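Now for the letters of each chain:
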There are 2 protein chains.
Amino acid sequence: MNKRLLLLSNSTNPGEAYLSWPMPYIKDFLGKPKKILFIPYAGVSISYEDYFTAVAGQMTTLGHEVTGIHQIETDVGFLNKFDAIAIGGGNTFRLADLLQGHHLIETLREAVENGMPYFGWSAGSNIACPTIKTTNDMPIVEPRSFNGLNLIPFQINPHYTEATIPNHGGESREMRLKEFTMVNQDTHVACLPEGSFLRLEGQVLTFGGGGECKVFKHKKSPVLYAPGEDLSWLMRH
Amino acid sequence: MNKRLLLLSNSTNPGEAYLSWPMPYIKDFLGKPKKILFIPYAGVSISYEDYFTAVAGQMTTLGHEVTGIHQIETDVGFLNKFDAIAIGGGNTFRLADLLQGHHLIETLREAVENGMPYFGWSAGSNIACPTIKTTNDMPIVEPRSFNGLNLIPFQINPHYTEATIPNHGGESREMRLKEFTMVNQDTHVACLPEGSFLRLEGQVLTFGGGGECKVFKHKKSPVLYAPGEDLSWLMRH
């Protein structure tokens, strides 16, 4: 089966309704009505049920049925009841800790490798990477490891911006990511500005949405990609 | 012996010379000439030697002698040659990983608990905490654990700001720290805006520099402290 991924930078652009910008892309990605398993584990200051309600509210307008993983038993074979997986944003460390603690990493990975469509945003895109080392989140909990679902062989930086807080000395995002490539010299980082995404269909990876996707690699000049451009080569690195 | 700490939010305010704002406070803290062991492990995009040169350049103007830990063997008893420890900023995950990898956590902790003055800035202040869970840094390397030097019983957030990047959806610092307190309900977080510090002399903890120190705790309203105010109660929590 072909691997199918929709990895969104963020759920919501400032000032817009929840999950509104990605709706046409999610609609196109999911196609006919699906039974979606939603994983709200990245949420910290929102209850799982409130998170589920917000996401299900949007997905049902597309005809999909959503179940929160907190509402069911995750016994052997539980994924057979679903035909798509969605992981929402929040704190990536919390998300990794709970997925690892519930022994879900391998289960989810296998299902997606075997063709179950996966979509996620923010932390849900970071966790699709080999590790969570390019998250922007604060490490408020210590996961068992930094390993992610490893659905792609490169790293994503969601919410990418080159803007900084005026008159503040903290590192820019660009500097942080350049430092990442210095200590992880074999790894590419694809930066997704808000309102953009990567979509994988089998071997074909495409950048979409708005803005530009900047790709960092150690000792290489960053390269910019426009919406619609093919990035399939990233799957072979 | 009295424990002595100077924990600075940052090395340098925007537009100023390197380590300039904290110089009077470091001068007052260190007093007569000291042999300082400087640990540059948080540096990623700067070589240890360049980092050492920048720091030593400032410290020698105060009459102190500086040695970089990368210049010596860290055999048993090596700390006896020094009478102060300094840890500089950079990436807190990298710093924790190298301190843990070189088995320095307990050695440094014991020396400071036995009265050797410690000063640090940014990552060097984060690593003084029980854990590195309130760092602002990107987790570009995976340390063995999130444990810090545990020189104080509360957490520091350096470079604290309530400013956000305009028209960008990432979490504010305040929201990140509130989420920290939700999953670490017993732990206080003292936020240090740039240009400020905490100084410990035995049992007496004081906030200094500019701005205000905001203290977060789960289910409590944040409390603000002005420069000169006593925060010794934080050492008993």
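Keep in mind it's a predicted model, so treat the numbers as computed, not measured.

A. Highlighting the overall build of chain A. Regarding its fold elements, chain A presents six helices and 11 strands. Each of the three principal axes of chain A carries a C-alpha extent, and together these read 45 × 35 × 35 Å. Every one of the 237 residues in chain A was classed for burial, and the buried ones make up 59%. Restricting the contact set of chain A to residue pairs at least 6 apart, pairs at least 24 apart contribute 68%. Once the 20 positive and 24 negative side-chain charges of chain A are each reduced to a mean point, those two points are 5 Å apart.

B. A look at the interface of chain B and chain A. On the side of chain A, 43 residues touch chain B, which itself brings 43 residues to the contact. Summed over both sides, the interface between chain B and chain A buries roughly 3500 Å², with carbon and sulfur atoms accounting for 62% of that surface. The interface formed by chain B and chain A holds 13 residue pairs in polar contact (both at pLDDT 80 or more) in total. Contributing elements (two or more residues each) for the side of chain B that touches chain A: helix 3 (92-101), strand 6 (155-160) and helix 6 (173-183) of chain B. Residue composition of the side of chain B that touches chain A, grouped by class: 17 nonpolar, 16 polar and 10 charged.

C. Main features of helix 4 (residues 105-113) of chain B. Residue and element names in this part refer to chain B. Within helix 4 the residues assigned to the buried category are I105, L108, A111 and V112. Buried residues in helix 4, looked at end-on, bunch into an arc of 145°, giving them a common side. Elements in contact with the buried residues of helix 4: strand 1 (4-8), strand 2 (35-39), strand 4 (84-87), helix 3 and strand 5 (118-121). Where helix 4 terminates, the next one or two residues include G115, which has phi positive at roughly 110°.

D. Broad picture of the sheet that holds strand 10 (residues 213-216) of chain B. Residues and elements named next belong to chain B. Read across the sheet, four strands follow the order 6-7-10-11 without closing on themselves; strand pairing throughout is mixed. This sheet does not close on itself; its edge strands, each paired only once, are strand 6 and strand 11 (223-225). Across the sheet, the mean angle from the axis of one strand to that of its neighbour is 25°, orientation sign disregarded. In the sheet, strand 10 pairs with strand 11 via three bridges, with the strands oriented antiparallel.

E. Focus on the confidence of the model for chain A. With 100% of its residues at a pLDDT of at least 70, chain A reaches an overall mean of 97. The ipTM for the predicted assembly is 0.96, set against a pTM of 0.97.

F. Here's a closer look at the pairing of strand 1 of chain B. Residues and elements named next belong to chain B. Within strand 1, five of the five residues are buried, which leaves it mostly tucked inside the rest of the structure. Of the pairings in the sheet, the one linking strand 1 to strand 8 (residues 196-201) comprises five bridges and is antiparallel in character. Considered in strand 8, the bridge of L6 is made with R199. Note: strand 1 against strand 5, four bridges, orientation parallel. By the bridge assignment, L8 is partnered in strand 5 with W121.

G. Representation of the relation of the copies chain B and chain A. You can overlay chain B on chain A at an RMSD of 0.0 Å; the transform is a turn of 180° with a shift of 0.0 Å along its axis. Taken together, these values place the two copies in the relation of a two-fold axis. Closest to the rotation axis within chain B is the C-alpha of I165 of chain B, separated from it by 2.7 Å. Taken together, the interface assignments show that 100% of the residues at the interface of chain B recur at the interface of chain A, consistent with an identical surface on both copies.

H. Highlighting the pattern of salt bridges. Residues and elements named next belong to chain A. Summed over all chains, the structure comprises 20 salt bridges over all chains. Ionic pairing is found between R144 and D97, a salt bridge with its closest N-O pair at 2.7 Å. Remark: D97 occurs in helix 3 (residues 92-101) and R144 occurs in the loop between helix 5 (123-126) and strand 6 (155-160); sequence separation between them is 47 residues. By relative accessible area, R144 is classed as exposed at 58%. The salt bridge involving E171 is made with R176; its shortest N-O contact spans 3.5 Å.

I. Representation of unusual backbone geometry within the structure. Of note, the phi angle at H159 of chain A is positive, near 50°, even though the residue is not glycine. Topologically, H159 of chain A is positioned in strand 6. We note that H103 of chain B has phi near 55°; this positive angle belongs to a residue other than glycine. Turning to its location among the elements, H103 of chain B is positioned in the loop between helix 3 and helix 4.

J. Geometry of the packing of aromatic side chains. All names here are of chain A. Scanning the entire structure with this criterion turns up 22 aromatic pairs over all chains. For the pair F29 and F119, a centre-to-centre distance of 6.5 Å together with 65° between the ring planes defines the contact as edge-to-face. Taken together, the positions of F29 in helix 1 (residues 23-30) and F119 in strand 5 (residues 118-121) put the pair 90 residues apart, joining distant regions of the chain. By the burial criterion, F29 is buried, and F119 matches it.

K. Fine view of the pairing of strand 5 of chain B. All names here are of chain B. With burial as the criterion, each face of strand 5 is covered, one bearing Y118 and G120 and the other bearing F119 and W121. With three bridges connecting them, strand 4 and strand 5 associate as parallel partners. When the sheet's bridge partners are listed, I87 is paired in strand 5 with G120.

L. Up close: the sheet that holds strand 11 (residues 223-225) of chain A. Residue and element names in this part refer to chain A. Here four strands make up an open sheet; going across it, the order is 6-7-10-11 and the pairing mixed. Looking at which strands have only one partner, the edges of the open sheet turn out to be strand 6 and strand 11. In this sheet, neighbouring strand axes are inclined to one another by 25° on average, regardless of whether the strands run parallel or antiparallel. Along the sheet, helix 6 (residues 173-183) makes contact with strand 6, strand 7 (189-193) and strand 10 (213-216), crossing strand 6 at roughly 170°.

Conventions we followed
- Residues numbered from 1 in each chain as written.
- Chains lettered and ligands numbered in written order.
- Predicted model: local features only at pLDDT ≥ 70, side-chain atom pairs only at ≥ 80, totals over all residues.
- Heavy atoms only, no water.
- Helix = DSSP H or I, 4+ residues; strand = E, 2+ residues; numbered from the N terminus.
- Buried < 20%, exposed > 50% of the residue type's maximum accessible area, 1.4 Å probe, protein only.
- Contact = heavy atoms within 4.5 Å.
- Lys, Arg positive; Asp, Glu negative; His and termini not counted.
- Charge placed at Lys NZ, Arg CZ, Asp CG, Glu CD.
- Buried area = accessible area lost by both parts, 1.4 Å probe.
- Polar contact = N/O pair within 3.5 Å; in protein donor to acceptor, adjacent residues only side chain to side chain.
- Nonpolar A, V, L, I, M, F, W, Y, C, P; charged D, E, K, R; others polar.
- Arc of directions from axis to C-beta.
- Pairing = 2+ DSSP bridges.
- Axes fitted to C-alpha atoms, helices over the stretch in contact; angles between N-to-C directions.
- pLDDT = per-residue confidence, 0-100.
- Least-squares fit on C-alpha atoms with pLDDT ≥ 70 in both.
- Salt bridge = Lys/Arg side-chain N within 4 Å of Asp/Glu carboxyl O.
- Phe/Tyr/Trp six-rings, centres within 6.5 Å; stacked < 30°, edge-to-face > 60°.

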